[in-house]
Amino acid sequence: METAVLLRSSNKLIFNPRHYSPHNFFRLLSSSSISSSSLTPLNPHRSINPLTARSLPRRRKLIPPSATSSSSSPSFHFNKHHFSTLSPHAIATPYSLDASTVPDEVAAKYGFEKVSGEFIGECKSKAVLFKHKKTGAEVMSVSNDDENKVFGIVFRTPPKDSTGIPHILEHSVLCGSRKYPLKEPFVELLKGSLHTFLNAFTYPDRTCYPVASTNTKDFYNLVDVYLDAVFFPKCVEDYQTFQQEGWHFELNDPSEEISYKGVVFNEMKGVYSQPDNILGRAAQQALFPDNTYGVDSGGDPKVIPKLTFEQFKEFHGKYYHPSNARIWFYGDDDPSERLRILSEYLDMFDASSAPNESRVEQQKLFSEPVRIIEKYPAGDGGDLKKKHMICLNWLLADKPLDLETELTLGFLDHLMLGTPASPLRKILLESGLGDAIVGGGIEDELLQPQFSIGLKGVFEEHIQKVEELVMSTLKKLKEEGFETEAVEASMNTIEFSLRENNTGSFPRGLSLMLRSISKWIYDMNPFEPLKYEKPLMALKARIAEEGSKAVFSPLIEKFILNNPHCVTVEMQPDPEKASHDEAAEREILEKVKASMTEEDLAELARATQELRLKQETPDPPEALRSVPSLILRDIPKEPIHVPTEVGDINGVKVLKHDLFTNDVLYAEIVFNMRSLKQELLPLVPLFCQSLLEMGTKDLTFVQLNQLIGRKTGGISVYPFTSSVRGREDPCSHIVVRGKAMAGRVEDLFNLVNCVLQEVRFTDQQRFKQFVSQSKARMENRLRGSGHGIAAARMDAKLNVAGWISEQMGGVSYLEFLKALEKRVDQDWAGVSSSLEEIRISLLSKNGCLINMTADGKNLTNSEKYVSKFLDLLPSKSSVEAAAWNAQLSPGNEAIVIPTQVNYVGKAANIYDTGYKLHGSAYVISKYISNTWLWDRVRVSGGAYGGFCDFDTHSGVFSFLSYRDPNLLKTLDVYDGSGAFLRELEMDNDTLTKAIIGTIGDVDSYQLADAKGYSSLLRYLLGITEEERQKRREEILSTSLKDFKEFGEVIEAVKDKGVSVVVASPEDVDAANKERSNYFDVKKAL
């Protein structure tokens, strides 16, 4: 499960492979669903919280990105529903600090002793560390007034080889347990709980099982299912679960070829198809040749088939034990109840020796550097000479660092690489030696910290020049230090991020858990990583007293320049690698088949059928009823209301949301894009980047960037496009988002004005870099998020909004970028003029809209600065909308890339068939994803994910798969969805769960800024409070009859749908032979 994922259902999500920042753009219902390919936040800043988990090319997850993905945006970790409303209120007594104290006698009654406790001011929480006396299990109990409660149980699980045991086990333990003896209780929770987070992660040395919910009853249900799953899973007695989630030989008929199948096996095939992932794994394994990090905990597809069921069982017995567990509770629930729940499980065990056996050994430092060369699968098109990658990687210390040194290194990392103006990043990109940065900078998630930096898109003859440039730049930074303005900007950015503590819809308690566990798992103090105030103040004092050069130069010298533990990884493109790997796998399987007797082959075919029958047979109702669930009475009848006041300043509409934001103002300035000429649309993302990364008459782009960092919490600019239900014209805007402390609001609006009106599009070389970076990013997206590319392409064939979005973020955009690279050299004056034309077309008080979220006093105080900002905008008489009437040709299409897995899509517009939106569609589409598609595409098909999505604005209903070994078989599953619904029988319990799970999506947890933003999107898309209420009532009253009727509706996808796949040339050729020229073929890489 690689770097990706969060929740399925109708959500959207992406994952940036070297930084911990998946985001998703959720298209859901009354809350305002936007096709994620249409929403393209463009912010090049890296994650900047030095105390927050960021790395994780190393972390695998249980469920994959669940629908179309978009480009990256600046925030920590979005869960599902970007545009929804707050979850139902927890059924809990009002929180007070007094209530958070567990008396010693109560702790003793449940078998615990208090080890230590303290109030953590940074997160306004009382934290207590308990130890279970019988087993030694450690429990962090964090109490505060956050209704978004979090539980997590973490085991140290260091593998000895690359068979992927920890990863396969992480999938498998959630496939039924002692109390919940059904095939997949996890899926039942996905279907029918109000979770705000539900997943599992595999790291190189630990496995985490976190859940979150705002509803106390629901929360404890989730906790119980997870505890039973990890301690008493059925998988250790069930060989078929091991086969399904890990690997098995598949043979449908003795006359056919044998193949490998397994969810993890195919997931990791996808991982090993992506150059950035191959690079990250090669670097980690070479840096740590002598400890557990020298193997792949996720599993290498070449090695996974060596894993035996006996080894799998033994690993669980050894490491999944309370003595080897760290357990985390967070939120406003009763801390005594937490201990009671845990005692019911932990008391069943005695102490074990697991903590000694699971300890991670430190890697000793090398005495001299190492160099390795790896090959990666590349297409045979394009210029392979310029497809090399080079990355320098250092292991920084032979032991863990203290918190102050770690914070200082995190700060140094941000100074060197954190923004486009950071010197190491800027110099590498401006050198013209490569297209984009690789390497994640400082990575401190494992026992010992690392630093990585390099470039991709490099000519072979420039490899050495890149290495020399990295070293000379680091030497120069050591000798000259950093500009005072740069240090101030980094300090403000980091401090703002820490104090704002804005984790998007990723639960704050889970962010803190991951922070704490990064030390706790190595037997260090779990409280320390939560306390940044003291080391931050000490760092500021040191910089003020000694100067920044005295603080940072010794670190560069000690940890990097004078550090011989350096691994240089050179990656070479190999157009033959993908086919060689496939041929090697086929050869192994042919030998396996040749070694079998006729009886063996008949038995394998029988076992294949038996496994498939089990996978496709529904659980009996009594097993399903064992999974605890809420009842409809627990669900509020009304949607969560976001306070919205619609006003007017200087003739411009202003939306104000009076919400507590801890003295931060969040603002969006929205400009209408409808007057823009059609041919300029593909330039819009680069226009947005140019606004933030080019200079003005008086400021270089570095100075402008530093000014934004010093005065604000950040500014981003991106296009937003969506269909609007009932309207032919799409909704299309440029959104400028910014945030600042209340005392800096004037600075924020002044800087937004500067960015919009004063930035000059004159720097040809910088713009060429933007094009190269965007091209590299799109190529990476094609390999890693092919489902998003397929979804965007289908949308572009079905509606104008989809076509616009695909022009700015799909295969068409990649083709545009390739042509633009040449045009920048040949006609820079024309390109620069086009950028200026976009600005003139967009910037106008007419059609402008302001959205602000803060408390009432700060909203009122901000009005004078908004007024001044609006006075400076040009006033234009109303401009006619440009004619945008293009769509891609409607045929089936295969986008061919070098890959070992496929991404398969099929879609149609069901509004065109006469369907009228009804709230039951949300319940039904989620149910199809969590039953029919989960069972047929993932469980028996072997794909990492399969899901459907209904964009209620355009009417496009789409099916998608992720890292899929199949192609036509998956399309056949999609075509069977209508019949599945028409023949469906379900009892009231199943229907109730489906409704409750859907409400959980609609009422997803949001922080104040997200509530204000969701309200803005509803306003732009014309979604009223009355409509939200109507849809909610329709959801709550969904019946079996609705399911059966919707079965007829989605026959349109089977009969009239368009199919787009991102797949390997071999699989596309085979499909076109089986179904004569079913796909038009487009080569993309």
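Definitions and cut-offs
- Residues numbered from 1 in each chain as written.
- Predicted model: local features only at pLDDT ≥ 70, side-chain atom pairs only at ≥ 80, totals over all residues.
- Heavy atoms only, no water.
- Helix = DSSP H or I, 4+ residues; strand = E, 2+ residues; numbered from the N terminus.
- Buried < 20%, exposed > 50% of the residue type's maximum accessible area, 1.4 Å probe, protein only.
- Polar contact = N/O pair within 3.5 Å; in protein donor to acceptor, adjacent residues only side chain to side chain.
- UniProt positions renumbered as here; feature names shortened; annotations may be inferred.
- Expected span 1.5 Å × (residues − 1).
- Pairing = 2+ DSSP bridges.
- Axes fitted to C-alpha atoms, helices over the stretch in contact; angles between N-to-C directions.
- Contact = heavy atoms within 4.5 Å.
- Core = buried A, V, L, I, M, F, W, Y, C linked by side-chain atoms within 4.5 Å.
- Disulfide = S-S within 2.5 Å.
- Salt bridge = Lys/Arg side-chain N within 4 Å of Asp/Glu carboxyl O.
- Phe/Tyr/Trp six-rings, centres within 6.5 Å; stacked < 30°, edge-to-face > 60°.
- Lys NZ or Arg CZ within 6 Å of the ring centre and 35° of its normal.
- Left-handed = near helix turned anticlockwise from the far one by under 90°.
- Nonpolar A, V, L, I, M, F, W, Y, C, P; charged D, E, K, R; others polar.
- Parallel < 35°, antiparallel > 145°, perpendicular 65-115°, else oblique.

This brings us to the side chain of Thr202. Relative to the helices and strands, Thr202 is located in strand E7 (residues 201-202). Assessed through its relative accessible area of 0%, Thr202 is described here as buried. A polar contact is formed between the side chain of Thr202 and the side chain of Glu170, at a distance of 2.4 Å.

Here we take up the environment of Val642. With respect to the secondary-structure elements, Val642 resides in the loop between helix H20 (621-624) and strand E17 (645-649). Among the residues examined, Val642 registers a relative accessible area of 5% and is labelled buried.

Attention shifts here to the UniProt feature "domain: Peptidase M16C associated" (unreviewed entry) in the chain. The UniProt record marks residues 571-820 with the feature "domain: Peptidase M16C associated" (unreviewed entry), using the residue numbering of this structure. For residues 571-820, the helix share is 52%, the strand share is 20%, and the end-to-end C-alpha distance is 26 Å.

When the terminal C-alpha atoms of helix H4 (residues 216-231) are compared, their 23 Å separation across 16 residues agrees well with the 22 Å that a helix rising 1.5 Å per residue should span. The distance from a side-chain oxygen at the start of H4 to the backbone nitrogen of Lys217 is 3.2 Å, and the residue carrying that oxygen is Asn215.

The pairing of strands in a sheet comes from backbone hydrogen bonds and takes either a parallel or an antiparallel form. Spatially, the six strands line up as an open sheet ordered E25-E26-E24-E27-E23-E28, and their pairing is mixed. Across the chains shown, the open sheet's two edge strands, defined by having one partner strand only, are strand E25 (945-951) and strand E28 (1080-1083). Taking the axes of each pair of neighbouring strands and ignoring which way they run, one obtains an average angle of 15 degrees across the sheet. Sheet analysis places strand E24 (residues 903-909) next to strand E27 (residues 1058-1063), joined by five bridges and oriented antiparallel. Residue pairing across strands places Gly905 opposite Val1060, the latter belonging to E27. Helix H30 (residues 920-939) contacts E25 and strand E26 (956-962) of the sheet and is inclined by roughly 160 degrees relative to E25.

We now examine the pairing of strand E23 (residues 893-896). Here E23 shows no split at all, with Glu893 and Ile895 on one side and Ala894 and Val896 on the other all buried. When E23 meets E27, the two strands line up parallel, connected through four bridges. What sits directly across from Glu893, in E27, is Val1060. Two elements, E23 and E28, share four bridges in a ladder whose sense is parallel. Looking at E28, one finds that Glu893 is bridged to Asp1080.

Before going further, it helps to spend a moment on the nonpolar core. Within the largest apolar cluster, 93 residues are counted, with the highest numbers of intra-cluster contacts made by Phe767 and Ile850. Per-element tally for this core: the top contributor is helix H23 (residues 745-757), with eight residues. Core analysis: the next-biggest nonpolar cluster, separate from the first, contains 74 residues, Val128, Phe231, Trp247 and Phe329 among them.

Here we come to helix H28 (residues 828-842). End to end, H28 covers 21 Å across 15 residues, agreeing with the expected 21 Å (1.5 Å per residue, within 8%). Among all positions of H28, only Trp828, Gly830, Val831, Ser832, Ser834, Leu835, Ile838, Arg839, Ser841 and Leu842 are buried. Its buried side turned inward, H28 meets strand E19 (664-672), helix H21 (684-693), strand E21 (727-741), H23, helix H24 (764-784) and helix H27 (811-826).

This part covers the state of the cysteines. According to the stated counting rule, one finds zero disulfides in the structure shown. Here Cys754 is not disulfide-linked; the sulfur of Cys688 is the nearest cysteine sulfur, at 16 Å. Here Cys754 falls in the buried class, since its relative accessible area comes to 7%. Looking at the unpaired Cys848, the closest cysteine sulfur is the one in Cys731, lying at 14 Å.

This paragraph deals with the pairing of E26. The two faces of the sheet receive side chains in turn, since in a regular strand these alternate between them. In terms of residue burial, E26 counts as a mostly covered element, since seven of its seven residues are buried. Here E26 shows two buried faces, one formed by Val956, Ser958, Leu960 and Tyr962 and the other by Phe957, Phe959 and Ser961. Sheet analysis places E24 next to E26, joined by five bridges and oriented antiparallel. Bridge pairing links Asn909 to Val956 in E26. Bridge analysis of E25 against E26 gives seven bridges, and the strand direction is antiparallel. Across the sheet, Asp949 pairs through a bridge with Ser958, a residue of E26. A loop of four residues connects E25 with E26, the two strands running antiparallel in sequence, and Gly955 in this loop sits at a positive phi of about 90 degrees.

Scanning the model with the defined rule gives 76 salt bridges in all. A salt bridge links Arg326 to Asp523, with the shortest nitrogen-to-oxygen separation between them at 2.7 Å. In this pair, Arg326 sits in strand E11 (residues 325-331) while Asp523 sits in the loop between helix H15 (508-520) and helix H16 (533-546), placing the two residues 197 residues apart along the sequence. Glu1027 is the partner of Arg725 in a salt bridge, and the nearest nitrogen-oxygen pair spans 2.3 Å. With Arg725 in the loop between strand E20 (714-724) and E21 and Glu1027 in helix H35 (residues 1025-1036), this pair connects stretches of sequence that are 302 residues apart. Residue Glu1027 is classed as buried on the basis of its relative accessible area, which comes to 17%. Salt bridges sharing common partners tie together Arg156, Arg326, Arg359 and Asp523.

Under the counting rule described, the total for this entry stands at 47 aromatic pairs. One aromatic cluster in this structure is built from Phe155, Tyr209, Tyr226, Phe231, Phe232, Tyr320, Tyr345 and Phe349. Looking at Arg674, its charged tip hangs above the ring of Trp884, at a distance of 4.3 Å from the centre. Directly above the aromatic system of Tyr1078 lies the positively charged group of Arg1075, at a separation of 5.9 Å from the ring centroid.

The geometry of helix H13 (residues 463-480) relative to helix H17 (residues 548-561) is characterised by a closest axis approach of 8 Å and an angle of 150 degrees between their N-to-C directions. Remark: the crossing between H13 and H17 carries left-handed chirality. The residues of H17 that touch H13, namely those facing Met471, Leu474, Lys475, Leu477, Lys478, Glu479 and Glu480, are Lys549, Ser553, Ile556, Glu557, Ile560 and Leu561. Each residue belonging to the contact of H13 with H17 can be placed in one class, and the counts come to six nonpolar, one polar and six charged.

Residue Asp523 is not a glycine yet carries a positive backbone phi of 65 degrees. One non-glycine residue, Asn650, lies in positive phi territory at about 50 degrees. Looking at the element boundaries, Asn650 is found in the loop between E17 and strand E18 (652-658). Asn650 gets classed as partly exposed once you look at its relative accessible area, which sits at 33%.

Further remarks concern the packing of H27 against H28. Two numbers describe how H27 lies on H28: the axes approach to 5 Å, and their chain directions differ by 110 degrees. One element, H27, and the other, H28, form an angle in the roughly perpendicular class. The segment H27 lies against H28, with Leu820, Arg823, Val824 and Gln826 engaging Trp828, Gly830, Val831 and Ser834.

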